[in-house]
Amino acid sequence: MTLPSMFTRNKLTLILSAALLSQAALAQEVPAPQDQPYQGTVQLDVDITNVEQKIFSMHEVIPAQPGKLTLLYPKWIPGNHSPTGPIALLAGLKLTAGGHALEWQRDGLDMYAFHVDVPAGATQIEASYQFLSPIDKAQGRITATAEMLGIQWNTVVLYPAGYSARNIQFQPTVTLPRGWKFASALEPQQQNGNRITFKPLALDELADSPLMAGRHYKRYDLDPGAKVPVYLNVFADNDKDLEAKPEQLAAHQSLVQQAYKLYGSKHYGHYDFLLGLSDEFTDIGLEHHQSSENAVKPNYFSEWDKSQPSRDLLPHEYTHSWNGKFRRPADLLTPNYNVPMQNSLLWVYEGQTEYWGFVLAARSGILSRDEVMDYFALMAATFNSSAGRSWRNLQDTTNQPVLNYHQIGSWGNWQRGVDYYDEGALIWLDVDSKIRELSGGKRSLNDFARQFLSVNNGSHEVLPYQFSDVANTLNSVQKYDWAQFLRQRLDSHGPGAPLEGLTRSGWKLTFAEQPTDYEKLTDEAGEVNDFSWSLGFTLNKDAHLVNVVWDSPAFNAQLSTGMTLLAVNGISYKADGLKTAITAAKGGKEPIELLFKKNERYLTVRMDYHDGLKYPHLERIAGTKDLLGEILKPL
Ligand SMILES: [Zn+2]
């Protein structure tokens, strides 16, 4: 085939687009969700016995009327705040009515919508399909291994368009691998061997109640004797990793009591932490109203002196039951999973949750006070050096999940990422310390949390909020121009991060030649060596540059990610050797000579850097009160 001339090509394009447009005009519309009940209950049968090939097989029986029907696969995923529904992993879709095959047609514009004509006389249709759970990490999250699996219902469900999720009833059934145990906020109705049928519930509750199952399982009671139970359900690659020592269990039990003291309410009938400890099952932290999905490395309990970097996870996800699930930004509260979400208040949803996650970790003893201080030091330094602030304010980073879900760009601190989490935490420290200062220590952000989150105690119904509700509640705790205070921090371009909260709490950011223990553990867990605050780059265990700080000495020496460091001053690269070279060059005149390889090219870089190793720490400001220490004390 030869290429047509430019003129013919343009003409062809015009003819083709006209044809496509008329086809789209003829195509069935995707009905918008209405607040009306869907007649009947959808039966959803999920068979996950094939963990070896990670193929989840579904069968659905959908009550239906003759005529046009559109089935949707969830696209906008709560907690992801983004259109991350893994539609490409849905396969094998076959629809039938009365045993006869029905042709379906995918919507021409919306890849998540399937149109079908329900034949006359039919009262239901049946759908069978698979979710091809990723086999390789490059395809997505590993959600099934030989030892454990997780079901996120949004990945295995098709639902009728035209109705709000809360108006469609489902009855889910799961068939597990033989001998496996499961945990979920779902309530079982019946169990026959490895087949469990759950009580019928609305789609919004189903999608919010994931299930975790596995061969090795242990359940801990985090609130013994309570009317509203809280359980920690642990799944691991082996029995040994399931074991929590008495002091570890006590810290997790204390988390529940500290949360109750802080929030003054509970908005669930029972709560289940689902915790996977595995090398293969992909790490996750995803909040739900009555449960949370958590997965970290296997050493969570077994190497308690190393697992600090993952220990803020449970306090964070638990906090979301109040902040995020019960109280939710109005622009995130969509009627179903195919209506776009907006993320303007993620600096409350995630930022304040990040703050309470670390504060509760310290109050409960899940982390030590010093470890949480070290976290604040690390974040203060990270965001204070965020060059991207000059073009992109913090408010705009709340669009990040939709732009590029949790992916880090080549120029992370220029592009900015999901900064509303941890810079958000710095802002909430700013607010907390300001309330304490203005009220002479009588009130604090604890009062805000209680007022904002304890309303309608016991209610599961989502209570939406807007920016003005946040500012008004702050005002009722302590009179001040909070709207202006917050907007200034959200909309401004620096210079530097909002560190006034630290200063007001009696602490300042400094740098030392040794990292804090917490940073050391974070780098070990991430298998990186971080020279961000000295040369301006981070290396992974294979000596690849995985981050180059914009405007740093490394940036100005033309370095970029993807390069491999081969040698330092003529000697093969080792992290300790590079540290020694940086220290030796401190205060001197001789540059540090680095040999890099990029694809087939070798590159020698002489770095005139003489300020020595630098790692962030917090230092007490003499003569001030230690407010941060106060904040981190148990209630
Ligand atoms: Zn979160």
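Keep in mind it's a predicted model, so treat the numbers as computed, not measured.

Quick notes on the rules
- Residues numbered from 1 in each chain as written.
- Predicted model: local features only at pLDDT ≥ 70, side-chain atom pairs only at ≥ 80, totals over all residues.
- Heavy atoms only, no water.
- Helix = DSSP H or I, 4+ residues; strand = E, 2+ residues; numbered from the N terminus.
- Contact = heavy atoms within 4.5 Å.
- Areas by Shrake-Rupley, 256 points an atom, 1.4 Å probe, with all protein chains shown as cover.
- Lys, Arg positive; Asp, Glu negative; His and termini not counted.
- Charge placed at Lys NZ, Arg CZ, Asp CG, Glu CD.
- Donors = N, O, S within 2.8 Å, 3.2 Å for Na, K, Ca; no water.
- Buried < 20%, exposed > 50% of the residue type's maximum accessible area, 1.4 Å probe, protein only.
- Axes fitted to C-alpha atoms, helices over the stretch in contact; angles between N-to-C directions.
- Parallel < 35°, antiparallel > 145°, perpendicular 65-115°, else oblique.
- Nonpolar A, V, L, I, M, F, W, Y, C, P; charged D, E, K, R; others polar.
- Pairing = 2+ DSSP bridges.
- Salt bridge = Lys/Arg side-chain N within 4 Å of Asp/Glu carboxyl O.
- Core = buried A, V, L, I, M, F, W, Y, C linked by side-chain atoms within 4.5 Å.

Moving on, we come to the overall build of the chain. Per the secondary structure count, the chain includes 20 helices and 32 strands. Expressed as lengths along the three principal axes of its C-alpha atoms, the size of the chain is roughly 85 × 75 × 55 Å. When contacts within the chain are restricted to residue pairs at least 6 apart in sequence, long-range pairs at least 24 apart make up 72% of them. Counting every atom, the chain has about 27,400 Å² of accessible surface; 52% of that belongs to carbon and sulfur. Measuring between centres, the 57 positive side-chain charges of the chain sit 2 Å from its 71 negative side-chain charges.

A few words now on the coordination of the zinc ion. In the first shell of the zinc ion, the protein supplies His316 (NE2), His320 (NE2) and Glu350 (OE), at 2.0 to 2.1 Å from the metal. Spacing between the donor residues of the zinc ion along their common chain follows H-x3-H-x29-E. Each member of the pair, His316 together with His320, is buried.

Direction vectors running N to C along helix α7 (residues 351-364) and helix α8 (residues 369-384) enclose 155°, while the axes themselves pass 8 Å from each other. Between α7 and α8, the angle is such that the two are roughly antiparallel. Of the residues in α8, those touching α7 at Glu354, Tyr355, Phe358 and Ala362 are Val372, Tyr375 and Phe376. A per-class count over the contact of α7 with α8 returns six nonpolar, no polar and one charged.

Read across the sheet, four strands follow the order β6-β7-β3-β10 without closing on themselves; strand pairing throughout is antiparallel. Every other strand in the sheet has two partners, leaving β6 (104-106) and β10 (159-160) as the edge strands with one partner each. Both β6 and strand β7 (residues 113-118) contribute to a ladder of three bridges, which runs antiparallel. When the sheet's bridge partners are listed, Gln105 is paired in β7 with His115.

Side chains Ile125, Ala127, Tyr129 and Phe131 of strand β8 (residues 124-132) all project onto a buried face; the interleaved residues Gln124, Glu126, Ser128, Gln130 and Leu132 project onto a face where none is buried. Summarising the sheet, strand β2 (residues 55-63) and β8 pair through nine bridges and their orientation is antiparallel. Opposite Glu60, over in β8, you have Ala127 as the bridge partner. Looking at chain direction, strand β4 (residues 90-97) and β8 are connected through five bridges and run antiparallel. By the bridge assignment for β8, Lys94 is matched with Ser128.

So, on to the pairing of strand β28 (residues 564-568). With respect to burial, β28 is a largely interior element, four of its five residues being buried. Across four bridges, the pairing between β28 and strand β30 (residues 592-598) is antiparallel. Within the sheet, the bridge partner assigned to Thr564 lies in β30 and is Lys597. The sheet contact formed by β28 and strand β29 (residues 571-572) spans two bridges and is antiparallel. What sits directly across from Ala567, in β29, is Ser572. Two successive antiparallel strands, β28 and β29, enclose a turn made up of two residues, where Asn569 displays a positive phi of approximately 50°.

This part takes up helix α17 (residues 517-526). For α17, the complete set of buried residues consists of Tyr518, Glu519, Leu521 and Asp523. Those residues of α17 that are buried lie in contact with α7, α8, β25 (528-531) and β32 (615-620). Two residues or fewer past α17, Glu527 is found with a positive phi of approximately 50°.

The strand order β17-β18-β19-β21-β20 describes an open sheet built from five strands, whose pairing is mixed. This sheet does not close on itself; its edge strands, each paired only once, are β17 (216-221) and β20 (284-287). Going across the sheet, the axis of each strand differs from the next one's by a mean of 15°, ignoring polarity. Note that β20 and strand β21 (residues 291-296) share four bridges and pair antiparallel. Of the residues in β21, the one forming a bridge with Ile284 is Ala295.

Here we take up the environment of Leu566. Along the chain, Leu566 turns up in strand β28. Given the relative accessible area of 30%, Leu566 is considered partly exposed. When residues no more than four places from it in sequence are discounted, the contact partners of Leu566 are Ile571, Ser572, Tyr573, Leu595, Phe596, Lys597 and Tyr602.

It is worth spelling out the pattern of salt bridges at this point. In a structure, side chains of opposite charge can pair up when their charged atoms sit close to one another. Using the criterion set out here, one finds 30 salt bridges in the structure. Across the salt bridge formed by Glu147 and Arg215, the nearest N and O atoms sit 3.2 Å from each other. Of this pair, Glu147 sits in the loop between β8 and β9 (148-151) while Arg215 is found in the loop between β16 (211-214) and β17, placing the two residues 68 residues apart along the sequence. A salt bridge links Lys434 to Glu437; its shortest N-O distance comes to 3.2 Å. Note that Lys434 and Glu437 are positioned in helix α12 (residues 422-438) at a spacing of three residues, about one turn of the helix.

With that settled, the discussion passes to the packing of helix α3 (residues 246-263) against helix α13 (residues 445-453). Where α3 meets α13, the axes come as close as 7 Å, and the angle between the chain directions of the two elements is 80°. By the angle class used here, α3 and α13 are roughly perpendicular. Contacts between α3 and α13 involve Lys261, Leu262 and Tyr263 on the former and, on the latter, Asn446, Ala449, Arg450 and Leu453. The class makeup of the residues in the contact of α3 with α13 is four nonpolar, one polar and two charged.

It is worth spelling out the nonpolar core at this point. One finds Tyr318, Tyr355, Phe376, Val431 and Leu474 to be the most contacted residues of the largest nonpolar core, which totals 87 residues. Broken down by element, this core gets its largest block of residues, ten residues, from α8. Residues contacting Tyr355, with those up to four places away along its chain left out, are Phe376, Ala425, Trp428, Leu429, Asp432, Leu445 and Ile631. Counting 58 residues, the second-largest nonpolar core is a separate cluster that includes Tyr38, Leu72, Leu95 and Ala161.

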